[in-house]
Amino acid sequence: MRTQSILNLLVINDDQLYAERLVQLLSAYYDSVNLGFLDDKEELLRLLRQPWDVLVFGSAYDMNFTEVVGIVQEQSIDLPMICLFHDEAAATAQNDDGLPAIVSGTMVKALKAEQEMAVVMAICLQHDNLRSRRELKTLRHVISEAEQRANVLIKNSKSAVAYIDQGIHIFANDPYLQLFGFKTMNDAIGVPVVDLISGGDSVKGFKQFLRQFDKGNRQEVEFEFESKRTDGSTFEAKLQLASATLDGEPVTQVIIQQNTNNSAEVAKRLAEAERKDKLTGIDNRHGFEKQMALVYEQARQGLLTAGLLYIQLDNVGKIRSSLGLQGVDATVKQVAYMLDELIEDGHVSRFSDTVFTVLVEDKSASELKDLAQHIVTRISEMFIEVDKRTTSTTISIGIVKIEKNAAAPNVLLERAIDAINQIMIETSNHGGTYHLYDPSEHANSDDHALAESLVDAITNNRFDLSFQPIYDINKDRSDFFEVYLRLPLADADNTVLTPDQFMAVAKTHNLLEKIDRWVLINACKKINEVRKTHPEARLLVQLTGASLVDKKLPNVASQLIKAVGGAAGVLTLQFNEKDILDYLTVAKTQFSALTQVSCQLGINNFGSSAKSIEIASFVQPDMVRLARSYIQDINSADNLNTVKSLIVRTSEVHADVLMPYIEDAATMSVAWSVGARYLQGYYLEAPSATIKVS
C-alpha cells in the first residue's frame, strides 16, 4: 500500500461526522485527504466537475445509489464507487460468508457502514486500482503516440523499412519498395521475406536468425546477406530487426541497409524530429537545451560569449477569455514566426506554452538591450488574425549574459525568470518591456547587506505600511483597505525600497514567510485601533508563495482574527494567481483551512493565465483582483466585452471581483458598468500611512 500520496474523497451522506471519521482513519495511509461532502443531487453535479479518486455513498436527500451510478456513468467519469449499508440492510445484500455480494474493479456494494476499517481498506484498494488504470491509460497513450510518430518517420524515411508478421510482409515504405523493385505496396504485401534472400545457405541462416529473435533473443539483431530484387539482380545488404507495433498489434520491423550512411541519416532525422515544436515548427525545449549545452560549453572555454533572451507573452489570459484556445494558438504561432524572422544569427525555441527562448552569440550588454527593445516593439505592433477577428499582444524579455565564468545553465534560466518577475513587479504585471539581469546588482556582499536590513526591519519594526481604500459598491462605502509594504533605508538619500527591490533577496535568504508574518501582525494592529470607532473596517493583505504552503498560517490567521474582534471577513488574504497555479493542490487545502477560521481569500493578478476560471472554481476564493492588462484600454468595445465576460464567468464560481488601477474619470465611469463589486485606484484615493474610513 502506498503511503506517500493524496486522496480526493467524495462522500455522499447525511452524517458529516462519519465522513470526517473516515478522513481521520485514512490519514494513516495518505499524506493528505481532500474531502468533498454533500447530500443532494445538485451539489453532486457541480462537484463532479472536479477530479475525485473514490466516491462513498451512504444516503442522500434526493437520490439513491443507483441514480448516483447513472449520473457518474452519464458523465463518462472513471470513478470507483462504494455503497454503504447499515446492519439491517447489509444482511440482505451479502453472501453466506458475510462478504459483499458484489465486488468489481470499480464498485463495491453492501459494505457495512459501521465496519469503518473495512470501508477504509475498500477505499484504499479502489484508489490503488484507479491509479493503476490511470497509469495504464497514460502508458497506452504514450505507446500510441510513439507508434504514430514512428510510422510517420518510417513513411518519410530514406531508409528501406518494412513490417513483417510471421515472416510475411504486411507493410513497406517507398524506399523499401524501390530497393527491391516492387511497383506498389500491394505487390509486396503477402510476400515472404525469405523470397528476397539469395542463396540457400543465407535463407537457412535467416530462418534460424528470425526464430531466435521471435523467442526473445536480442543479442543478435543484424544479419548480413546477399539480397535479391524482383528482377533477379542481387546486392550486398545488412538487415536489422526490431520489435514494433502496427495498429496496436505486435509486429517485427525490418530495416535493409546497403551501406552505413543510411543508418546515420535515420538517426539524424530522428534527432531533428525530437527537437521540433509541432505547433510552430521552431525548436522545442529539448532543442533549446541541446543548443544551450553547446553554447554554454563554448562560453566556459572562452571561445565565445552569448546572451539568453527569455521571452514571455504578457496577456495570455485576456486573449483566451476573448478568443479562446484558438486565439492563444494563433498568437503563439505568429509570435514564433516573427521571432524567427527577427533573429537572423541566433537560435529561437518555444520553451513552454507561451514562453520562447533566444540564444545569440557575441553581443555586448547594450547590443542585447537594443535587440530586446527591437523585439518588444515589433511584437507590440503586430496584428494577429484569428478567423475574422484581430488581436494583439505584448511580451516581456528577461536577458542573461553567458560568459566564461557563468553559472550552470539551470541557474542562468532561473536568473532569466527572475528578470521576468522583476518586470512584472515594476510594471504591476503589465509587462511589455525587458530587464537585463546584472550579477553585480546581486553580488553576495550586497545581498547580505540587504538581508541584514530585512532581518533588522523584522526584528525592530522598521518596515512601513500604507493603506489604500477599496470602494464597496454593494455597501456604498470605503472601509476595505489593501496593505502595501515599504522598507526605508538609513542612507544619505533616505531611500525607500518597494517589495520588487528586496523580495528576491528575501527569497534567497528564506525571509519571505517572516516578512509576511510581520505584515499580517502589524496590519492587524492598525485595523484593530480603527475598528474601535469603525467596527466594519477590514483588511486585504497580499502574501507570498511561502505563506501559501505554510501549514501554520491558518492558526496564525485565526488568532489575528480573534484579536481584532473575530468577525468573519475582517481579514482577506490574497495570493498571486501564478503562485496558486504552481501549488494548486496545496492551495486548495490551504484555502479550505483558512475558510474554516473565518478568513476570506483572494486571487491577485486574476486573468493572467489561460486557466484562471478553472483555478477559481477549484480553490473557491471569496474575491479576485483583476490583472492590470484588463483595465488598460477598457474603453474599447473588445476590451470592455472581454472584462464583462470574465466578470460574469467569475460570478458563476461565486467570487466577487475587484477592479484596480482606476486612474482617471473615463475608467471610473466604465468601471460602474462591468459588474465588479469593488473599485480601487488613485482616482478614488491614493495609499496613505493612516487608515481613513469614508
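The preceding data block contains the structure.
Description of the structure in this document.

Conventions adopted
Residues numbered from 1 in each chain as written. Predicted model: local features only at pLDDT ≥ 70, side-chain atom pairs only at ≥ 80, totals over all residues. Heavy atoms only, no water. Helix = DSSP H or I, 4+ residues; strand = E, 2+ residues; numbered from the N terminus. Buried < 20%, exposed > 50% of the residue type's maximum accessible area, 1.4 Å probe, protein only. Contact = heavy atoms within 4.5 Å. Expected span 1.5 Å × (residues − 1). Pairing = 2+ DSSP bridges. Right-handed = clockwise from strand over helix to strand, strands pointing away. Axes fitted to C-alpha atoms, helices over the stretch in contact; angles between N-to-C directions. Parallel < 35°, antiparallel > 145°, perpendicular 65-115°, else oblique. Nonpolar A, V, L, I, M, F, W, Y, C, P; charged D, E, K, R; others polar. Patch = residues over 30% accessible without salt bridge, like charges linked within 9 Å, V, L, I, M, F, W, Y side chains within 5 Å. Areas by Shrake-Rupley, 256 points an atom, 1.4 Å probe, with all protein chains shown as cover. Salt bridge = Lys/Arg side-chain N within 4 Å of Asp/Glu carboxyl O. Lys, Arg positive; Asp, Glu negative; His and termini not counted. Charge placed at Lys NZ, Arg CZ, Asp CG, Glu CD. Phe/Tyr/Trp six-rings, centres within 6.5 Å; stacked < 30°, edge-to-face > 60°. Lys NZ or Arg CZ within 6 Å of the ring centre and 35° of its normal. Polar contact = N/O pair within 3.5 Å; in protein donor to acceptor, adjacent residues only side chain to side chain. Core = buried A, V, L, I, M, F, W, Y, C linked by side-chain atoms within 4.5 Å.

It is worth spelling out the overall build of the protein chain at this point. Summing up its helical and strand segments, the protein chain has 24 helices and 27 strands in all. With respect to the three principal axes, the spread of C-alpha positions in the protein chain is 105 × 85 × 50 Å. Expressed as a percentage of its 694 residues, the buried residues of the protein chain come to 46%. When contacts within the protein chain are restricted to residue pairs at least 6 apart in sequence, long-range pairs at least 24 apart make up 65% of them.

This part takes up helix α20 (residues 584–596). Since one α-helical turn is 3.6 residues long, residues separated by three or four positions face the same way. Here α20 contains 13 residues, and its C-alpha end-to-end distance of 19 Å stays within 8% of the 18 Å for a straight helix at 1.5 Å per residue. Along α20, the residues that are buried comprise Ala587, Lys588, Gln590, Phe591 and Leu594. Lining the buried residues of α20 we find α17 (545–548), α18 (553–563), β23 (571–576), α19 (577–582), β24 (600–606) and α21 (612–619). A positive backbone phi angle near 70° is found at Ser598, which sits one or two residues after α20.

On to the pairing of strand β26 (residues 656–659), then. Moving residue by residue along a regular strand, the side chains alternate between the two faces of the sheet. Pairing geometry for strand β25 (residues 623–626) and β26, over three bridges, is parallel. Bridge pairing in β26 links Met623 to Asp656. Of the strand pairs in this sheet, β26 and strand β27 (residues 678–679) are connected by two bridges, and their pairing is parallel. Within β27, the residue paired with Met659 across the bridge is Leu679. Between the parallel elements β26 and β27, the chain passes through helix α24 (residues 665–671) in a crossover that is right-handed.

Taken together, the five strands give an open sheet; going across it, the order is β8-β7-β11-β10-β9, and neighbouring strands pair in antiparallel fashion. Each edge of the sheet is formed by a strand with only one pairing partner; in this case those strands are β8 (168–172) and β9 (222–228). Strand-to-strand twist in this sheet, taken as the mean axis angle between neighbours without regard to direction, amounts to 40°. For strand β7 (residues 160–165) and β8, the ladder comprises four bridges, and the chain directions are antiparallel. Looking at the pairing, Asp165 lines up with Ile168 of β8.

A packed helix pair is summarised by two numbers, namely the angle formed by the two axes and the spacing between the axes. Contact pair α20 / α21: the axes reach a minimum separation of 9 Å and the direction vectors enclose 40°. By the criterion of interaxial angle, the relationship of α20 to α21 is oblique. On the side of α20, the interface is formed by Leu584, Thr585, Ala587, Lys588 and Phe591, while α21 contributes Ile615, Phe618 and Val619. By residue class, the composition of the contact of α20 with α21 is six nonpolar, one polar and one charged.

Nonpolar side chains collect at one region of the surface, where Val549, Tyr583 and Val586 lie side by side and expose about 230 Å² of accessible area between them. Here Tyr583 is to be found in the loop between α19 and α20.

To continue, consider a negative patch on the surface. Taken together, the side chains of Asp14, Asp15, Asp39, Glu42, Asp62 and Glu67 make up a negatively charged region of the molecular surface. Inspection of the secondary structure puts Asp39 in the loop between β2 (32–38) and α2 (41–47).

What follows is about the packing of aromatic side chains. By the definition in use, this model includes 15 aromatic pairs. Considering the side-chain rings of Phe180 and Phe235, the 5.8 Å spacing of their centres and the 50° angle between planes classify their relative orientation as tilted. Pair noted here: Phe180 is in helix α6 (residues 174–180) and Phe235 is in strand β10 (residues 234–246), with a separation of 55 residues, a long-range link. Just as Phe180 is buried, Phe235 falls in that class too. Ring pairs connect the aromatic residues Phe206, Phe209, Phe223 and Phe225, which therefore count as one cluster. Between Lys588 and the ring centre of Phe618, over which it is positioned, the NZ or CZ distance is 5.6 Å. Against the face of Tyr661 rests Arg625, its NZ or CZ located 5.2 Å from the ring centre.

Moving on, we get to unusual backbone geometry. The backbone of Ser76 sits at a positive phi, close to 55°, despite the residue not being glycine. Its relative accessible area of 68% is what places Ser76 among the exposed residues. Here His654, not a glycine, exhibits a phi torsion of approximately 65°, which is positive. Relative to the assigned elements, His654 resides in the loop between α23 (637–652) and β26. On the basis of relative accessible area, His654 is assigned to the exposed category, the value being 61%.

The strand order β13-β14-β12-β17-β18 describes an open sheet built from five strands, whose pairing is mixed. Every other strand in the sheet has two partners, leaving β13 (346–352) and β18 (434–436) as the edge strands with one partner each. Within this sheet the neighbouring strands show an average axis-to-axis angle of 20°, counted without direction. Two strands pair when backbone bridges link them, and strand β12 (residues 306–313) and strand β14 (residues 355–361) are joined in this way by seven bridges, in the antiparallel orientation. Bridge pairing in β14 links Leu309 to Val358.

What follows concerns the side chain of Asn315. Along the polypeptide, Asn315 turns up in the loop between β12 and α11 (316–342). Using a relative accessible area of 13% as the deciding quantity, one classes Asn315 as buried. Ignoring any residue separated from it by four or fewer positions in sequence, one finds Asn315 in contact with Ser392, Thr393, Thr394 and Ser629.

We now examine the side chain of Arg677. Here Arg677 is to be found in the loop between α24 and β27. Looking at Arg677, the relative accessible area reads 16%, which means it is buried. There is a polar contact of 2.9 Å between the side chain of Arg677 and the side chain of Asp472. Look past the residues within four positions of Arg677 in its chain and what remains in contact with it is Tyr471, Asp472, Ile473, Asn474, Lys475, Arg538, Asp656 and Val657.

The next subject is the nonpolar core. Counting residues in hydrophobic clusters, the biggest one holds 79 residues, and the most contacted among them are Phe463, Phe502, Ile515, Leu539, Leu571, Leu573 and Met659. With residues up to four places along the chain from it excluded, the contact list for Leu573 reads Leu520, Val541, Leu543, Leu553, Ala557, Leu594, Cys599, Gln600, Leu601 and Gly602. Residues Val328, Ala330, Leu371 and Ala372 belong to the second largest nonpolar core, which totals 33 residues.

The next subject is the pattern of salt bridges. For the coordinates displayed, the defined rule picks out 24 salt bridges. Among the salt bridges present, the one from Arg350 reaches Asp277, with a minimum N-O distance of 3.3 Å. Here Arg350 is found in strand β13, whereas its partner Asp277 is found in the loop between α9 (261–274) and α10 (285–300), with 73 residues between them in sequence. Each member of the pair Arg350 and Asp277 is classed as buried.

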